[in-house]
Amino acid sequence: MGLAIAFIFCLIFARLFYVQIVWGKELTYKATDQWNREIPIIAGRGLITDRNGAVLAGNKTTYSVFLRPNAVKNAEYTATVLSGLFDLNPQTVLEKISGGKVSEITLARQVSKESVEKLVSYDLPGVYYSRDNTRQYTYNDALCQVLGFTSNDGSGLSGIEKYYNTILSGKNGEISYSTDIVGIETENSAVIYSAAKDGDEIRLTVDIDIQLAAEEAARKVYASSGAKSVSCVVLNPQNFDILSMVNYPSYDLNNVPRDDAEKLNALSRNSIVCDIYEPGSTFKVVTAAANIEEYLQGNGKAFSNKYVFNSSRTRTVDGTKIKCWSAHTNGNHSNQTLAEALNNSCNPCFTDIALSLGTDTFYKYLNSFGFGNVTGLDYGGEALGMLLPQSVVRDCDLARIGFGQTVAVTGLQLACAAAAAVNGGNYYTPHLLKSVVLSNGKTEEVAPVLKYKPVSEEASALLATMLEGVVTEGSGKKAYIEGYRVGGKTGTAQKYEDGHIASGKYVSSFVGFFPADRPQYLALIIVDEPQGTYYGSAVAAPVAKDIFEDIIKIKNIQPYV
């Protein structure tokens, strides 16, 4: 009996210790909370600005209205007033007041200052309000897929708003005061004020002037070509700052179609980052870069710049016939060098390069140019692309990869690879965040991160010169700008559906850069399913010209002398 009594005593003592010491703080908080009420003070969401400080996403002051049913003195009158002020159903409001199931109800959000001023004039017991913020986007639909949008309570749901939500959100404060058991404020109540801490500013690498120019160019080709969609990315090849990113059609960030989930998902998708496609001839930039680098390193299997490829318009690999586009036309075809093969976008020449380099060597370059992996952009949902495992690649597969088939990439992957091929051979991690401006005024800059070194500076310079020839003499002539050194490569790829070529469906593209001797701007344009004329040289190259001409005006870039 003594042991039993001692055991029971120990249990009681342990329980008391747990309640008083371990659980004590939480119970004290709960007890205090029953006799206190809090009105939230919503932190201001951090601004999102472009690289020059132009506000892309800001806030406008709105208010939230709260109802504490236990503190309401005249339920019917209160319901009538509230329903009239905030366009609510009077019966629904009355039921909330009379329900008695919850201590506090959020009655309305994002209401105007004028409505709150009217509310104050009624002096309704049990009704409170607090200031909050509603996101305001300066340029409506511009950059909409990149910026993303927030929920009704101000949390980021997509894009930059979601990715950097922790930085942008800040920390809410509150006003606390004591009440009686039913929630009515007591006389001489002590009011405790806890200030909110506003979120920090996110400064992007985007240049809004270049963004607006790219958006206008995308809208123009979308309308003229009857395309399904148009995507574009402009970046600085010297550090991979994203200067512009466009997906069209778009939507108004100040009027998000939240009631149509399917439409919202389609319009808010950043396809140049999250979707993959077969690039076609723009991929020849990578194949050419690999060949030039291998030749400079003394690889006897690579072709010199003076080597003349076989004039045949076709190649047969593993029983698969590969044709030059000119085989379907009356175009001339003769023996040609690598530079001429780029000008003419001849598939068989790049088949020869891929097969000659071999799977091991060619895949080394595909990996170092970032294919089959994410670029590392600070944005959610980036796609990996699709690259066949090296172990299963057949000669016919390797041959097609050489000219941009049997491989799928994101637009961003291809733009970054092209930039690394012509900028001196440096592959950086692309980024949208330029800096964070803290609430104390200090700025934390984001430094470029060198990720790969796929080719040498010499190889890169030789390739850039060849690609300049594509614009001055070859298929990219419609991107030519008098007085400026523009380089680039066109692409036209057939689309596949259910494993088969989709008749009449193409992806037209162009990747271009300037100035060719030291690229400062690179643009990739993708036009999905243009109607009528579908060649990248005719559809996409002029878009790059429009964007580059606008950049020249915006930045006051003088002609090449």
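Look above for the structure.
A brief structural summary. From a predicted model like this one, the values you see are computed outputs, not experimental measurements.

Some points on helix α15 (residues 359-368)
Turning to step 1, where the next piece is worked out: Counting buried positions along α15 gives seven out of ten residues, so the element sits mostly inside the fold.
Turning to step 2, where the next piece is worked out: For α15, the set of buried residues is T359, T361, F362, Y363, Y365, L366 and S368.
Turning to step 3, where the next piece is worked out: Those residues of α15 that are buried lie in contact with α12 (284-296), α14 (347-357), α16 (395-402), β13 (427-428) and β16 (450-452).
Turning to step 4, where the next piece is worked out: Phi turns positive one or two residues past the end of α15, at G370, with a value near 90°.

Description of the layout of surface pockets
Turning to step 1, where the next piece is worked out: Taken as a whole, the second largest pocket holds about 770 Å³ of empty space.
Turning to step 2, where the next piece is worked out: Around the second largest pocket, the lining is made up of 31 residues, and of these D275, I276, Y277, K495 and D528 lie nearest the centre.
Turning to step 3, where the next piece is worked out: Among the secondary structure elements, those contributing two or more residues to the lining of the second largest pocket are β9 (229-236), β10 (241-248), α10 (261-267), α11 (271-274), β17 (487-497) and β19 (521-528).
Turning to step 4, where the next piece is worked out: Considering every element that reaches the lining of the second largest pocket, the biggest residue donor is β17, with four residues.
Turning to step 5, where the next piece is worked out: When its residues are assigned to classes, the lining of the second largest pocket shows 17 nonpolar, eight polar and six charged.

A few points about unusual backbone geometry
Turning to step 1, where the next piece is worked out: With an omega of 10°, the peptide bond between Y248 and P249 qualifies as cis.
Turning to step 2, where the next piece is worked out: You can see P249 is positioned in the loop between β10 and α10.
Turning to step 3, where the next piece is worked out: Residue F514 is joined to P515 through a cis peptide bond whose omega torsion reads -15°.
Turning to step 4, where the next piece is worked out: One can find P515 in the loop between β18 (500-514) and β19.
Turning to step 5, where the next piece is worked out: One non-glycine residue, T406, adopts positive backbone phi at about 60°.
Turning to step 6, where the next piece is worked out: Note on placement: T406 falls in the loop between α16 and α17 (411-422).
Turning to step 7, where the next piece is worked out: For T406, a relative accessible area of 27% corresponds to the partly exposed category.

Concerning the sheet that holds β10
Turning to step 1, where the next piece is worked out: Taken together, the five strands give an open sheet; going across it, the order is β10-β9-β19-β18-β17, and neighbouring strands pair in antiparallel fashion. Of all strands in the sheet, those with a lone pairing partner are β10 and β17, marking the two edges. Taken over all neighbouring pairs, the strand axes of this sheet differ in orientation by 10° on average, direction set aside.
Turning to step 2, where the next piece is worked out: Where β9 meets β19, seven bridges bridge the pair, whose relative direction is antiparallel. By the bridge assignment for β19, S231 is matched with I526.

Digging into the packing of α12 against helix α18 (residues 457-472)
Turning to step 1, where the next piece is worked out: Close contact between α12 and α18 brings their axes to 9 Å; oriented N to C, the two are set at 135°. One way to sum up the angle between α12 and α18 is to call them oblique. Where α12 crosses over α18, the two elements pack in a sense that is right-handed. Listed contacts from α18 to V285, A288, A289, I292, E293 and L296 of α12 are E458, A459, L462, L463, M466 and L467.
Turning to step 2, where the next piece is worked out: For the contact of α12 with α18, the per-class residue count stands at ten nonpolar, no polar and two charged.

Examining the packing of aromatic side chains
Turning to step 1, where the next piece is worked out: In this structure the tally under the stated criterion is 15 aromatic pairs.
Turning to step 2, where the next piece is worked out: An angle of 85° between the planes, with centres 6.4 Å apart, marks the rings of F149 and Y251 as edge-to-face. Residue F149 is located in the loop between α6 (144-147) and α7 (159-163), and its partner Y251 is located in the loop between β10 and α10; the two are separated by 102 residues in the primary sequence. For the pair shown, F149 and Y251 are each scored as buried.
Turning to step 3, where the next piece is worked out: Where F514 meets F548, the ring centres are 4.9 Å apart and the plane angle is 55°; that geometry is what we call tilted. In this pair, F514 sits in strand β18 while F548 sits in helix α20 (residues 541-554), placing the two residues 34 residues apart along the sequence.
Turning to step 4, where the next piece is worked out: What makes F514 buried here is its relative accessible area of 2%.
Turning to step 5, where the next piece is worked out: Given the relative accessible area of 0%, F548 is considered buried.
Turning to step 6, where the next piece is worked out: Taken together, the ring pairs connect F240, Y427, Y428 and Y452 into an aromatic cluster.
Turning to step 7, where the next piece is worked out: The residue whose ring lies beneath R68 is Y128, and the NZ or CZ to ring-centre distance is 4.3 Å.
Turning to step 8, where the next piece is worked out: One cation-aromatic arrangement involves R485 over Y560; the distance from NZ or CZ to the ring centre is 5.1 Å.

With respect to the environment of L384
Turning to step 1, where the next piece is worked out: Looking at the element boundaries, L384 is found in the loop between α15 and α16.
Turning to step 2, where the next piece is worked out: The partly exposed category is assigned to L384, whose relative accessible area is 47%.
Turning to step 3, where the next piece is worked out: Spatially, the C-alpha atom of L384 lies 4.9 Å from that of V374, the residues being ten residues apart in sequence.
Turning to step 4, where the next piece is worked out: Those residues in contact with L384, other than ones at most four positions away along the chain, are G372, N373, V374 and Q413.

As for helix α5 (residues 113-122)
Turning to step 1, where the next piece is worked out: Turning to α5, its buried residues are S115, V116 and L119. End-on, the buried residues of α5 take up no more than an arc of 95°, which puts them together on one face. Along α5, exposed side chains directed more than 90 degrees from the buried face belong to E114, K118 and S121.
Turning to step 2, where the next piece is worked out: If you follow the buried residues of α5, they end up packed against β3 (55-67), α3 (75-86), β4 (105-111) and β5 (127-137).

Quick notes on the rules
- Residues numbered from 1 in each chain as written.
- Predicted model: local features only at pLDDT ≥ 70, side-chain atom pairs only at ≥ 80, totals over all residues.
- Heavy atoms only, no water.
- Buried < 20%, exposed > 50% of the residue type's maximum accessible area, 1.4 Å probe, protein only.
- Helix = DSSP H or I, 4+ residues; strand = E, 2+ residues; numbered from the N terminus.
- Contact = heavy atoms within 4.5 Å.
- 1 Å grid on protein atoms, 1.4 Å probe; cavity = no way out; pocket = protein on both sides within 12 Å on 5 of 7 lines; lining within 4 Å.
- Points joined across faces, edges and corners; volume = space filled by probe spheres on them.
- Nonpolar A, V, L, I, M, F, W, Y, C, P; charged D, E, K, R; others polar.
- Pairing = 2+ DSSP bridges.
- Axes fitted to C-alpha atoms, helices over the stretch in contact; angles between N-to-C directions.
- Parallel < 35°, antiparallel > 145°, perpendicular 65-115°, else oblique.
- Left-handed = near helix turned anticlockwise from the far one by under 90°.
- Phe/Tyr/Trp six-rings, centres within 6.5 Å; stacked < 30°, edge-to-face > 60°.
- Lys NZ or Arg CZ within 6 Å of the ring centre and 35° of its normal.
- Arc of directions from axis to C-beta.

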